[in-house]
Amino acid sequence: MKKFIEKTPVMIAAALFCNLLWGSAFPFIKLGYAAFGIVSEDTASQILFAGTRFTLAGILTIAIGSLASHQFLAPTKKNIPSIMKLSLFQTILQYFFFYVALAHTTGVKASIIEASNVFFAILFTAVFMKSEKNLTRKLLWCIPGFLGVLLINLNGQTLQFSFAWNGEGFILLSTLAASCSTVLIKKYSQDVSPVLLSGWQFVFGGALMAIAGFVLGGRLHALSGTGWWILLWLAFVSAAAYSIWSLLLKYHPVSKVAVFGFSNPVFGVFLSALLLHESLSSMGATIYIALALVCLGIYEVNHN
């Protein structure tokens, strides 16, 4: 397994697959909200929806991992603290700030600020784990990827530079939490199975979010049978993507994996056009320029 995952073509294919899955999450979340009748102002139901999704993701991860390893992936007393710390940053803080912020900022701003996760993940790993070489060059080559994300999200719009702590501020805090979780995954996965870590942190964090959403008044009432299938797909997205991503972080430098995060919004735009019937024609050549910039950033970071 180690020799297979360490191969560069495998890393590239797996990282792109993870971001393809994550890119599908945005349109499927919108479809899920419609299927459950969750309106944009109903933050409690959104948190309950997310918590249910992540709890299911954790159960799926543990079940599949246990079958693959022919033994139940049970946490030990020694690694429970690691699971709880990872869950705090990767699930609870990241998605709490994210869901609250979406009610107070635009999707465009959220996507652009979230793209800074790549910079923070590489920087935090270099500072706290001393494991990145050519740091300055790698950070500089992240700029084309970030510009690609900027282009694909703005789509001819003018970016308003207003700032609200419960909007743009919370999106930034969500991004910082995600970056911290990358460092923790890199650190803890050296001694503990990344699949075990991923599964149990989802169960712990997802259950807390679901309980919080329910206590705050959130409810899930599917308006059609497709609602539960959408929720199950989103659970699979989290289970598969985070488990594979954790394995990649275990065996590769963070910079070479994290930079593929710039492809996430690209997949999101294409899949939204496909699933939500949104037109790409208005973007013209912009989408191809954005794609070229993202590819350039990914290529150069992986060759420095």
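Residues numbered from 1 in each chain as written. Predicted model: local features only at pLDDT ≥ 70, side-chain atom pairs only at ≥ 80, totals over all residues. Heavy atoms only, no water.

### Here we look at the overall build of the protein
Thought 1: For the protein, the count of helices and strands is 13 helices and zero strands.
Thought 2: Buried positions account for 51% of the 304 residues belonging to the protein.
Thought 3: In the protein, the proportion of contacts linking residues at least 24 apart, taken out of those at least 6 apart, comes to 88%.
Thought 4: Of the roughly 14,400 Å² of accessible surface on the protein, 71% is carried by carbon and sulfur atoms. (Helix = DSSP H or I, 4+ residues; strand = E, 2+ residues; numbered from the N terminus. Buried < 20%, exposed > 50% of the residue type's maximum accessible area, 1.4 Å probe, protein only. Contact = heavy atoms within 4.5 Å. Areas by Shrake-Rupley, 256 points an atom, 1.4 Å probe, with all protein chains shown as cover.)

### Points about the packing of aromatic side chains
Thought 1: What the rule picks out here adds up to 15 aromatic pairs.
Thought 2: Ring geometry for Y33 and F49: centres 5.4 Å apart, planes at 70°, overall edge-to-face. Here Y33, found in helix α2 (residues 8–36), pairs with F49, found in helix α3 (residues 43–69); they are 16 residues apart in sequence, far enough to count as distant.
Thought 3: Look at Y33 and you get buried, because its relative accessible area is 14%.
Thought 4: By relative accessible area, which is 0% here, F49 ends up buried.
Thought 5: Counting every residue linked through ring pairs, the aromatic cluster contains W22, F54, Y95, F202, Y242 and W245.
Thought 6: Here the basic side chain of R219 rests over the ring of F214, its NZ or CZ set 3.9 Å away from the ring centre. (Phe/Tyr/Trp six-rings, centres within 6.5 Å; stacked < 30°, edge-to-face > 60°. Lys NZ or Arg CZ within 6 Å of the ring centre and 35° of its normal.)

### Re the nonpolar core
Thought 1: Among the nonpolar cores identified, the biggest contains 70 residues, and F49, Y99, C142, W245, L248, V259 and F262 are the most heavily contacted of them.
Thought 2: Leaving out residues up to four positions away in the same chain, L248 has contacts with I5, M11, A14, A15 and V257. (Core = buried A, V, L, I, M, F, W, Y, C linked by side-chain atoms within 4.5 Å.)

### Some words on helix α4 (residues 80–101)
Side chains that are three or four residues apart share a direction in an α-helix, a result of its 3.6 residues per turn.
Thought 1: For α4, built from 22 residues, the straight-helix expectation of 32 Å at 1.5 Å per residue is met to within 8% by its first-to-last C-alpha distance of 30 Å.
Thought 2: Along α4, the helix axis deviates most sharply at L88, where the bend reaches about 40°. (Expected span 1.5 Å × (residues − 1). Bend = angle between axes of the 7 residues up to and from the residue.)

### Thoughts on the packing of α3 against α4
Thought 1: As a packed pair, α3 and α4 sit with axes 10 Å apart at the nearest point and diverge in direction by 150°. For the element pair α3 and α4, the recorded crossing hand is right-handed. Side by side, α3 and α4 meet where T43, Q46, I47, A50, R53 and F54 of the first sit next to T91, Y95, Y99 and V100 of the second.
Thought 2: Of the residues assigned to the contact of α3 with α4, the class counts are six nonpolar, three polar and one charged. (Axes fitted to C-alpha atoms, helices over the stretch in contact; angles between N-to-C directions. Left-handed = near helix turned anticlockwise from the far one by under 90°. Nonpolar A, V, L, I, M, F, W, Y, C, P; charged D, E, K, R; others polar.)

### Focus on the environment of T226
Thought 1: Among the secondary structure elements, T226 is positioned in helix α10 (residues 226–251).
Thought 2: Residue classification places T226 among the partly exposed positions, given a relative accessible area of 46%.
Thought 3: Residues T226 and F36 lie 190 residues apart in sequence; the distance between their C-alpha atoms is 9.4 Å.

### Considering the confidence of the model for the protein
Thought 1: A residue-level look at the protein finds 84% of positions with pLDDT of 70 or above and a mean pLDDT of 82.
Thought 2: Mean pLDDT values over the elements of the protein span from 65, in helix α5 (residues 107–114), up to 94, in helix α9 (residues 194–215). (pLDDT = per-residue confidence, 0-100.)

### Comments concerning a nonpolar patch on the surface
Thought 1: On the surface, I80, M84, F204 and L208 cluster together to form a nonpolar patch covering roughly 310 Å² of accessible area.
Thought 2: When contributions to the nonpolar patch are tallied by element, the ones reaching two or more residues are α4 and α9.
Thought 3: Take L208: it is sitting in helix α9. (Patch = residues over 30% accessible without salt bridge, like charges linked within 9 Å, V, L, I, M, F, W, Y side chains within 5 Å. Salt bridge = Lys/Arg side-chain N within 4 Å of Asp/Glu carboxyl O.)

### Some details on unusual backbone geometry
Thought 1: Even without glycine at this site, H70 takes up a positive phi of about 60°.
Thought 2: For H70, the position within the fold is in the loop between α3 and α4.

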